[in-house]
Amino acid sequence: MAAISKGMHLSDLLGKRIRTPFSFLILASVAMPIGMSVWQALLNNYAVEQVGLTGFENGIMQSIREVPGFLAFTAVFVLLVLREQTFAVIALAVFGLGIAITGLLPTVYGLYFSVVLMSIGFHYFETVRQSLSLQWLPKRVAPRLLGVLISVGALTSFITFGSVFVLVQWLDFDYKVIYAIAGSIVILMALFLAVALPRFESRVEQRKQIVLRSKYWLYYGLTFLSGARRQIFVAFAGFLLVQRFGYSVANMTVLLLVNHLVNWFAAARIGAWIGRIGEKRALTIEYIGLTAIFTCYAFVETAWVAGLLYVLDHLFFAMAIAIKTYFQKIADPADIASTAGVSFTINHIAAVIVPALLGSLWLESHSAVFLVGAAFAVCSLILSQNVPHKPEPGNEVQYEPSFLRVRTS
């Protein structure tokens, strides 16, 4: 007590093991999935049962949700006045607030508002977390440690989905209470990160302006296609299970429990595997698998097969670690923070447009929606063949178009 009275910071009372940059990333990987897992587990049923969303309105909501991701490049301007670590904590708290109020606004426009608030916090937080991860983690172990972070998030999601199942099935909690509990936990964890851990310095001073470099063109292309493909899954895979196959909240929760249990077991191993075989081979396997999965989504007629595809989809997306580590290997270290924001914006260019457009297509044919996703996966597969086996500065691609060979950046 005497030490505390003399001004000892809370972080000084914690062991050195927890006062590390990786500990910050671990705790962040726990906080975010708590809120996001509750939001995902309840959203489709909440939207259909209490808000009355149609497929078209669901597409609009998903597009609105991605607008803050499209604006993620503005994070670099916030970093002119805030440290990245501080910005991450504030964004996490905003995300928690958006989750907490979701169940209190059971109208179409109320849901839109809470989704936007949640999304602002989520996308800024994920932008900064990606930047900090690539700055703090050594290149030689980054794939494995990024896999560990995914595993931690998956385990947290598993526990959270199990809690949701108990609250819904056995204790009969309603949506607004569960959302409020999850959001409050996220806010409290943001406060803990703010007061319990010291400030960590980056090894390289980051540029505080928007950076677009021609030498990163392949990374930008892969990121764009990833965003388009990912949004088809986020917006319509779960919606397919609820609307077409009649999955209940309990069914969705059990499915997500299985999904995150698999990812908890596999993600760290996938990260280590990427470190061994290299980014090009990993991306090739990922995109072949995703092409097959989206094609199967288009024609699936059985509920349990659709659920299996949902789990496999998540597992293949864990291989997206390879895009991040490919960029880490080719990047100027001072570009990482700015490019994290730019890449999130590129990722969301299609994400803002695709759900709304495909929401209209969904009314005519759900199969066509997933075939579009398969086409995006094929385009990604073609681009990934240009990733060199040993990417590094000066060896960013195997083949460079002639109009990019004379660089100004």
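Keep in mind that this is a model prediction, so the values were computed, not measured.

Caption draft 1: Focus on the side chain of Thr127. Mapping Thr127 onto the fold places it in helix 7 (residues 108-136). Contacts of Thr127, omitting those with residues within four sequence positions, involve Ala72, Ala75, Ala340, Gly341 and Phe344.

Caption draft 2: Spotlight on the nonpolar core. Among the nonpolar cores identified, the biggest contains 121 residues, and Phe24, Leu92, Phe95, Leu111, Tyr179, Tyr297 and Phe370 are the most heavily contacted of them. Among the elements that take part in this core, helix 3 (residues 21-51) stands out by supplying 16 residues, more than any other.

Caption draft 3: Fine view of the packing of aromatic side chains. With the rule as written, the count across this model stands at 14 aromatic pairs. Centre to centre, the rings of Phe233 and Tyr310 are 5.2 Å apart; their planes meet at 35°, and the pair counts as tilted. With Phe233 in helix 10 (residues 217-243) and Tyr310 in helix 13 (residues 303-317), the pair connects residues that are 77 residues apart, well separated along the chain. When the ring centre of Phe265 is taken as origin, the NZ or CZ atom of Arg269, which lies over that ring, is 4.0 Å away.

Caption draft 4: Representation of the pattern of salt bridges in the model. Taken as a whole and judged by the stated rule, the model has 5 salt bridges. Of the charged contacts, one joins Glu126 and Arg129 as a salt bridge, the two residues approaching to 2.8 Å between their closest N and O atoms. Placement of both Glu126 and Arg129 in helix 7 is noted, with a separation of 3 residues, approximately one turn of the helix. An identical accessibility class is assigned to Glu126 and Arg129; each is buried.

Rules of the game
The residue numbers shown here count from 1 along each chain, following its written sequence. Only residues with pLDDT of at least 70 get local features here, since the model is predicted, and only at 80 or more are side-chain atom pairs given and counted; chain-wide, interface and lining totals rely on the full set of residues. Hydrogens and water are ignored here; the side-chain numbers use all heavy atoms of the structure. To qualify as a helix, a DSSP run of H or I must reach at least 4 residues; to qualify as a strand, a run of E must reach at least 2; elements of each kind are numbered from the N terminus. We call two residues in contact when some of their heavy atoms are within 4.5 Å. Here, nonpolar core means buried Ala, Val, Leu, Ile, Met, Phe, Trp, Tyr and Cys residues that are tied together by side-chain atoms lying within 4.5 Å of each other. Residue exposure (1.4 Å probe, protein chains only): buried if accessible area is under 20% of the type maximum, exposed if over 50%, otherwise partly exposed. Stacked, edge-to-face and tilted are the three classes for Phe, Tyr and Trp ring pairs, Trp counted by its six-membered ring, which pair at centre distances within 6.5 Å; planes under 30 degrees apart are stacked, over 60 edge-to-face, the rest tilted. Only when the NZ of Lys or the CZ of Arg is both within 6 Å of the ring centre and within 35 degrees of the ring normal is a charge said to sit over the ring. A carboxyl oxygen of Asp or Glu within 4 Å of a side-chain nitrogen of Lys or Arg is what we treat as a salt bridge.

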